[in-house]
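# An overview of the molecular structure
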Amino acid sequence: MSERIAAESYGFTRDQYRLYVAIHELGHAVAGISEGYDYRKVTVRLDGGHSRTRGSAYPSWWGKKERIPQLVSLHGGFIANEIYLKRNGLWDPRRKELAQGNARSDYSAADNLKPSRRETEDAIFKARRHLERHWTVIDYAAPELAKKGQMSFRQLRSVPGW
Ligand SMILES: [Zn+2]
């Protein structure tokens, strides 16, 4: 889906959509960092600029010990979007479905970890708690990420609100 079509389906301008994707990626990063995952090698990135906005906030390699932090991080993207939409009075069934669609690859990556139902519920609970606690970090970092397209761990860690 092109960025323009994606933005239109949400009823967003392209700039608003870019901010929204930045929030999704920061949700992954903040949830993972809060779980103690070592994100030093991670760069939060938005690719494509005008034609597409896609992001990545995953380390290239996860160890076995990071299975639960990874699960929490994977759920952080959708939850960040949910919190953002709800706080701004933008949450509705259509946008919920779109946000879930945006998280499809996150959910399939989570499935690959073969979590129990209990582990999934715990991961969702933890991700939501981390993001609510550190929402000022996301609020502060998202416009900067949307503008620059990239943010290193060090830059993210230097944002106030941790
Ligand atoms: Zn995601």
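The rules behind the values
Residues numbered from 1 in each chain as written. Predicted model: local features only at pLDDT ≥ 70, side-chain atom pairs only at ≥ 80, totals over all residues. Helix = DSSP H or I, 4+ residues; strand = E, 2+ residues; numbered from the N terminus. Buried ≥ 20, exposed ≤ 12 C-beta atoms within 10 Å, placed from the backbone. Expected span 1.5 Å × (residues − 1). Bend = angle between axes of the 7 residues up to and from the residue. pLDDT = per-residue confidence, 0-100. Contact = placed C-beta atoms within 7 Å. Core = buried A, V, L, I, M, F, W, Y, C linked by C-beta atoms within 7 Å. Axes fitted to C-alpha atoms, helices over the stretch in contact; angles between N-to-C directions. Parallel < 35°, antiparallel > 145°, perpendicular 65-115°, else oblique. Nonpolar A, V, L, I, M, F, W, Y, C, P; charged D, E, K, R; others polar. Left-handed = near helix turned anticlockwise from the far one by under 90°.

Further remarks concern unusual backbone geometry. One non-glycine residue with positive phi stands out, namely Lys114, at about 50°. Summarising the element assignment, Lys114 is placed in the loop between α5 (104-112) and α6 (117-133). Residue classification places Lys114 among the exposed residues on the basis of 8 C-beta atoms within 10 Å.

Attention now moves to helix α3 (residues 67-87). Between the first and last C-alpha of α3 there are 30 Å, a value that for 21 residues agrees with the 30 Å anticipated at 1.5 Å per step. At Gly76, α3 is bent by approximately 35°, the largest bend along its length. Backbone geometry just downstream of α3 places Gly89 in the positive-phi region, at approximately 65°.

Mean pLDDT for the chain: 85, with 83% of residues reaching 70 or above. The low-confidence segment residues 48-53 (pLDDT under 50) makes 14 contacts with residues lying over four places distant or belonging to another chain.

Counting 35 residues, the largest nonpolar core has Ile23, Leu26, Ile138 and Ala142 as its most contacted members. For this core, the secondary-structure elements that each account for two or more residues are α2 (14-34), α3, α6 and α7 (135-148).

Orientation of helix α1 (residues 3-10) relative to α2, taken along the N-to-C sense of each, is 90°, at an axis distance of 9 Å. The orientation of α1 with respect to α2, classified from their angle, is roughly perpendicular. On the side of α1, the interface is formed by Glu3, Arg4, Ala6, Ala7 and Tyr10, while α2 contributes Arg14, Gln16 and Tyr17. For the contact of α1 with α2, the residue count by class is four nonpolar, one polar and three charged.

What follows is about α7. When the terminal C-alpha atoms of α7 are compared, their 20 Å separation across 14 residues agrees well with the 20 Å that a helix rising 1.5 Å per residue should span. Most pronounced at Ala141, the bend in α7 amounts to some 35°, and the proline Pro143 follows within four residues. Val137, Ile138, Ala141, Ala142, Leu145 and Ala146 are the residues of α7 that are buried. Just past α7, the residue Gly149 takes up positive phi, approximately 85°.

The next point concerns the environment of Ala7. One can find Ala7 in helix α1. Among the residues examined, Ala7 registers 20 C-beta atoms within 10 Å and is labelled buried. Residues Ala7 and Tyr17, spaced 10 residues apart in sequence, show a C-alpha to C-alpha distance of 5.3 Å. Not counting the four nearest positions on each side in its chain, Ala7 is found in contact with Phe12, Thr13, Arg14, Gln16 and Tyr17.

Let's shift gears to the packing of α2 against α7. Packing of α2 against α7 brings their axes to within 8 Å, and their N-to-C directions diverge by 125°. The pairing of α2 with α7 is recorded here as oblique in orientation. Our pair here, α2 against α7, has a crossing hand that is right-handed. Between α2 and α7, the residues in contact are Arg18, Leu19, Ala22, Ile23, Leu26, Gly27 and Val30 and Val137, Ile138, Ala141, Ala142, Pro143, Leu145 and Ala146, respectively. Residues of the contact of α2 with α7, tallied by class, amount to 12 nonpolar, one polar and one charged.

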